[in-house]
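Take a look at the letters that make up each chain.
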Amino acid sequence: MRWIEVISVRLAGEPDMPAIRGMLKDCGALSGGMTPTGLNLYSHATVESDVSIHIHWDREHPGIPRKSPQGLRIADTLGEFGMVNHALWIEGTEEK
């Protein structure tokens, strides 16, 4: 099963992208257990204060995936700087 964890934040000011990248590396270094298949950082095309982090997962998972410890740490850290939306998206659905 493949899914993506999306953490979006509207920051109070202009984002410090190097600092956010550093925070992502720190959160990744603290991870234990699950390892994501990818992690991407996006900035909004027209709203400079909006940032979105996508954590990609691809593994067998019994039942519905849950927010990862890494994602929860990232969302918690970014929550100090603005409004955060943290959601899981499952890729496609199996045909019946």
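Residues numbered from 1 in each chain as written. Predicted model: local features only at pLDDT ≥ 70, side-chain atom pairs only at ≥ 80, totals over all residues. Heavy atoms only, no water.

## Let's talk about the confidence of the model for the protein
On average, residues of the protein carry a pLDDT of 84, and 88% of them reach 70 or more. By mean pLDDT, the top-scoring element of the protein is strand E4 (residues 82–90) (94), and the lowest-scoring one is helix H1 (residues 17–29) (78). (pLDDT = per-residue confidence, 0-100. Helix = DSSP H or I, 4+ residues; strand = E, 2+ residues; numbered from the N terminus.)

## Let's talk about the pairing of strand E2 (residues 38–43)
Sheet topology places E2 next to strand E3 (residues 50–58); 6 bridges connect them, and they run antiparallel. In the strand pairing of E3, Tyr42 is matched with Ser52. Remark: 6 residues form the turn of the hairpin made by E2 and E3, two consecutive strands paired antiparallel. (Pairing = 2+ DSSP bridges.)

## Notes on the nonpolar core
Of all hydrophobic cores here, the largest spans 16 residues; its most connected members are Ile7, Ile20, Ile53, Ile74 and Leu78. For this core, the secondary-structure elements that each account for two or more residues are strand E1 (2–11), H1, E3 and helix H2 (69–78). Apart from residues lying up to four places away in sequence, Ile53 is in contact with Glu5, Val6, Ile7, Leu24, Leu39, Asn40, Leu41, Ile74 and Leu78. (Core = buried A, V, L, I, M, F, W, Y, C linked by side-chain atoms within 4.5 Å. Buried < 20%, exposed > 50% of the residue type's maximum accessible area, 1.4 Å probe, protein only. Contact = heavy atoms within 4.5 Å.)

## Describing the packing of aromatic side chains
In the structure shown here, the tally under the stated rule is 1 aromatic pair. Between Trp3 and Trp57, the aromatic rings sit 6.2 Å apart at their centres with planes inclined by 20°, giving stacked as the arrangement. With Trp3 in strand E1 and Trp57 in strand E3, this pair connects stretches of sequence that are 54 residues apart. Trp3 gets classed as buried once you look at its relative accessible area, which sits at 4%. (Phe/Tyr/Trp six-rings, centres within 6.5 Å; stacked < 30°, edge-to-face > 60°.)

## A look at the environment of Glu14
Relative to the helices and strands, Glu14 resides in the loop between E1 and H1. Distance in space between the C-alpha atoms of Glu14 and Asp50 is 8.5 Å, their sequence separation being 36 residues.

## Observations regarding the pairing of E3
Taking burial as the measure, the 9 residues of E3 include 7 buried ones, the bulk of the element. Pairing between E1 and E3: 9 bridges, direction antiparallel. From the neighbouring strand, Ile4 faces E3, where its bridge partner is His56.

## Considering the sheet that holds E4
Backbone-to-backbone hydrogen bonds join strands into a sheet, with any given pair of strands oriented parallel or antiparallel. Strand order in the open sheet formed by 4 strands is E2-E3-E1-E4, with antiparallel pairing between adjacent strands. Every interior strand has two partners, whereas the edge strands, E2 and E4, have only one. For this sheet, the mean angle separating the axes of adjacent strands, direction not counted, is 15°. Lying over the sheet, H2 contacts E1, E3 and E4, oriented at roughly 10° with respect to E1. (Axes fitted to C-alpha atoms, helices over the stretch in contact; angles between N-to-C directions.)

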